[in-house]
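Topology and contacts: notes
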Amino acid sequence: MGLAGSGKTTVFNTLTRGHAETGGFGGLTVNTGVVKVPDDRLTALTRLFKPKREVPADVTYVDLPAPSTATAGRAADIPADQLARLRNADALLHVVRAFDDPQVPHPDGEVDAWRDLERLDLEFVLADLAVVEKRIEKLETSGRHGTQAERDQNERERQVLTRVRPALADGRPIRDHQLGDDESLILRGFRFLTEKPVLVLLNVGESQIAGAGDLVETFAARYEHHHSRVEALSARIEMEIGELDDEEAQVFRDDLGLTGSSLERVIRLSYELLGLISFFTAGPDETRAWTIPDGSTAVDAAGAIHSDLARGFIRAEVVPVEELLSLGSMAEARRHGKLRSEGKTYRVRDGDVIEVLFNV
Ligand SMILES: Nc1nc2c(ncn2[C@@H]2O[C@H](COP(=O)(O)OP(=O)(O)OP(=O)(O)O)[C@@H](O)[C@H]2O)c(=O)[nH]1
Ligand SMILES: [Mg+2]
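Along each chain, residue indices are assigned from 1 in the same order as the chain's sequence is written. Going through the entries in the order they are written, you letter the chains from A and number the ligands from 1. Totals for whole chains, interfaces and linings use every residue, but because this is a predicted model, local features are given only for residues with pLDDT of at least 70 and side-chain atom pairs only at 80 or more, for both listing and counting. Excluded from the side-chain calculation are hydrogens and water; included are all heavy atoms of the structure.

**Describing the packing of aromatic side chains**
Centre distance within 6.5 Å is the pairing criterion for rings of Phe, Tyr and Trp, where only the six-membered ring of Trp is used; planes under 30 degrees apart are then read as stacked, over 60 as edge-to-face, and the remainder as tilted. Scanning the entire structure with this criterion turns up 4 aromatic pairs. Aromatic pair F190 and F192: ring centres 5.0 Å apart, planes at 15°, arrangement stacked. With a centroid separation of 6.3 Å and an interplanar angle of 15°, the aromatic rings of F279 and W290 are classed as stacked. Here W290 lies in strand β8 (residues 286–293) and F279 lies in strand β7 (residues 276–282), a separation of 11 residues in the sequence. Here F279 falls in the buried class, since its relative accessible area comes to 0%. Classification of residues uses two cut-offs on accessible area relative to the type maximum, computed with a 1.4 Å probe and protein chains only: under 20% is buried, over 50% is exposed, and between them is partly exposed. Residue W290 is classed as buried on the basis of its relative accessible area of 11%. Taken together, the ring pairs connect W114, F219 and Y223 into an aromatic cluster. The side chain of R97 reaches across the aromatic face of F99, ending 4.1 Å from its centre. The criterion for a charge sitting over a ring is simple: Lys NZ or Arg CZ within 6 Å of the ring centre, and within 35 degrees of the ring normal. The aromatic ring of W290 is capped on one face by R288, whose charged end is 4.1 Å from the ring centroid. Comment: elements are numbered from the N terminus, with helices defined as DSSP H or I runs of at least four residues and strands as E runs of at least two.

Next up, the structure:
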């Protein structure tokens, strides 16, 4: 998401190697694309196991039309269907225009990335505030009815909402609150926009590539919110490079002083922001990265592969991917005592290679 003309569709094309129309010709189109998450560990596993196929983790990106921006002092009016789509996202990628280009005039005349960033953020704060206020009002009237248990539940909900309201009214996002587990649980159903993790992506122009690192640092220091990261990408150049073959692309990158890792970094960052971890399975048929929420157990991991594996779970054989790679095989890992047997409640770590033993 991002303001009109910030480069959302260009970023989307860059990430997904897509060809969606840019330059305001997309209208109200919603673009969706699935991107494989680059992972050196999986590449190394594949080199070691030489399986028939490799299956990386993936992230789905959705490019939404720009919300019509609020005028000063007026509440935001993001259309309801757009709000719903935003609320369904697990994280937000906020594209902010930093590039200056006389051929692409900025609606406000001057390019000012910080101003634009704050403007859309404010719209989201206002959207959440509207939901909070409406719900509090409802709870204060009809919330007094029902059974004792229902009334208690309503009262707890009212308290949490009342706690986040002043901050929202003050322009601060919900993600900045230190919420208890029970509070988070109560808020979860609302899918508040300002509670979602956010990656701020500064869309820099060609001439700003050299200074992009400093720009990111300045913004990151100023954008002091929880569950947020700042990154820069020169979206149009990256999109164009994405259409070249590898050799040509390298020449182009060298010329521009592009490291080539910025695109991968954006994909990795958006994956990390989701609070997800990867575990691996490896064998002669396939090497594969599986995605689970941080905090998942061995049974959860088994269930991610197949529900039968969770149902008939006996134990999991686990080895950290680095150990497996340096020892060269499961058998060697076992011989060195690095392959551990773990039970149902074992908390899976990012990078575990897992083999599930189960009853059918
Ligand atoms: N010079 C320059 N132009 C860019 C860059 N990124 C995007 N543009 C141009 O800016 C215009 C808008 O880009 P889009 O990707 O369509 O922006 P958008 O946010 O999807 O626009 P809407 O969907 O209409 O809100 C296009 O003409 C792009 O070619 C960039 O890094 N440098
Ligand atoms: Mg667009």
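**Observations concerning the domain arrangement of the chain**
It is common to give the size of an interface as the accessible area lost on bringing the parts into contact. The split of the chain into domains comes from an automatic or database domain assignment. Domain annotation for the chain reports domain 1 (8–119 + 195–273), domain 2 (124–193) and domain 3 (295–358). Between domain 1 and domain 2, the C-alpha centre-to-centre distance is 31 Å. Between domain 1 and domain 2 the total buried area reaches about 1,600 Å² when both faces are included, carbon and sulfur atoms providing 54% of it. Accessible area that two parts lose when put together, with a 1.4 Å probe and added across both, is what the buried area reports. Interface area lost by domain 1 to domain 2 is led by R87, E195 and H226, which between them contribute 49%. The term salt bridge refers to a side-chain nitrogen of Lys or Arg lying within 4 Å of a carboxyl oxygen of Asp or Glu. Joining domain 1 to domain 2, the criterion identifies 2 salt bridges. Here R87 makes a salt bridge to D128, at a shortest N to O gap of 3.2 Å.

**Describing the nonpolar core**
A general trend in soluble globular proteins is that nonpolar side chains are found buried together. Only buried Ala, Val, Leu, Ile, Met, Phe, Trp, Tyr and Cys residues count toward a nonpolar core, and they belong to the same one when joined by side-chain atoms within 4.5 Å. The biggest cluster of nonpolar side chains holds 32 residues, and the ones touching the most others in it are L15, Y61, L93, V266, F280, V319 and V353. Secondary structure elements with two or more residues in this core: α1 (8–16), α2 (40–49), β3 (58–63), β4 (92–97), β5 (198–203), α10 (262–273), α13 (321–327) and α14 (330–335). Among the elements that take part in this core, α10 stands out by supplying 6 residues, more than any other. Taken domain by domain, this core gets at least three of its residues from each of domain 1 (8–119 + 195–273) and domain 3 (295–358). Only heavy atoms enter the contact rule, under which two residues are in contact if any of them lie within 4.5 Å. Setting aside chain neighbours within four positions, we find L93 in contact with M1, L15, Y61, L199, L201 and V266. Residues L92, W114, L117 and A232 belong to the second largest nonpolar core, which totals 26 residues.

**A closer look at the packing of helix α4 (residues 113–141) against helix α5 (residues 148–169)**
To characterise two packed helices, one gives the angle between the axes of the helices and the distance between these axes. Taken N-terminus to C-terminus, the directions of α4 and α5 make an angle of 145°; their axes are 9 Å apart at the nearest point. Crossing handedness for the pair α4 and α5: left-handed. Judged by residue contacts, V125, D128, L129, V132, E133, R135, I136, L139 and E140 of α4 engage N154, E157, R158, L161, T162, V164, R165, L168 and A169 from α5. Each residue belonging to the contact of α4 with α5 can be placed in one class, and the counts come to 9 nonpolar, 2 polar and 7 charged. For helices, the fitted line uses only the C-alpha atoms of the stretch in contact; every axis is such a line through C-alpha atoms, and the angle between N-to-C directions lies from 0 to 180 degrees. Note on convention: near helix rotated counterclockwise from far helix by under a right angle means a left-handed crossing. Clockwise means right-handed. Polar here means any residue other than Ala, Val, Leu, Ile, Met, Phe, Trp, Tyr, Cys and Pro, which are nonpolar, and Asp, Glu, Lys and Arg, which are charged; Gly is therefore polar.

**Focus: the site of ligand 1**
Only a single heavy atom is needed: when it lies within 4 Å of a molecule or strand, its residue is near that molecule or strand. As a structural note, the neighbourhood of ligand 1 is formed by 19 residues, with K8, T9, T10, G23 and D101 the closest of them. For ligand 1, a nitrogen atom lies 2.8 Å from a polar atom in the side chain of D101. For ligand 1, whose accessible area on its own is 640 Å², the fraction buried by protein is 86%. Of all the elements in the fold, those that place two or more residues in the shell around ligand 1 are α1 and α8 (235–241). Counting residues per element, the shell around ligand 1 draws most heavily on α1, at 3 residues. Grouping the amino acids of the shell around ligand 1 by side-chain chemistry returns 7 nonpolar, 9 polar and 3 charged. Polar contacts here mean pairs of N or O atoms no more than 3.5 Å apart (in protein, one a potential hydrogen donor and the other a potential acceptor; neighbouring residues in sequence count only if both atoms are side-chain atoms). Residue-level accessible areas treat just the shown protein chains as cover; the underlying method is Shrake-Rupley with a 1.4 Å probe.

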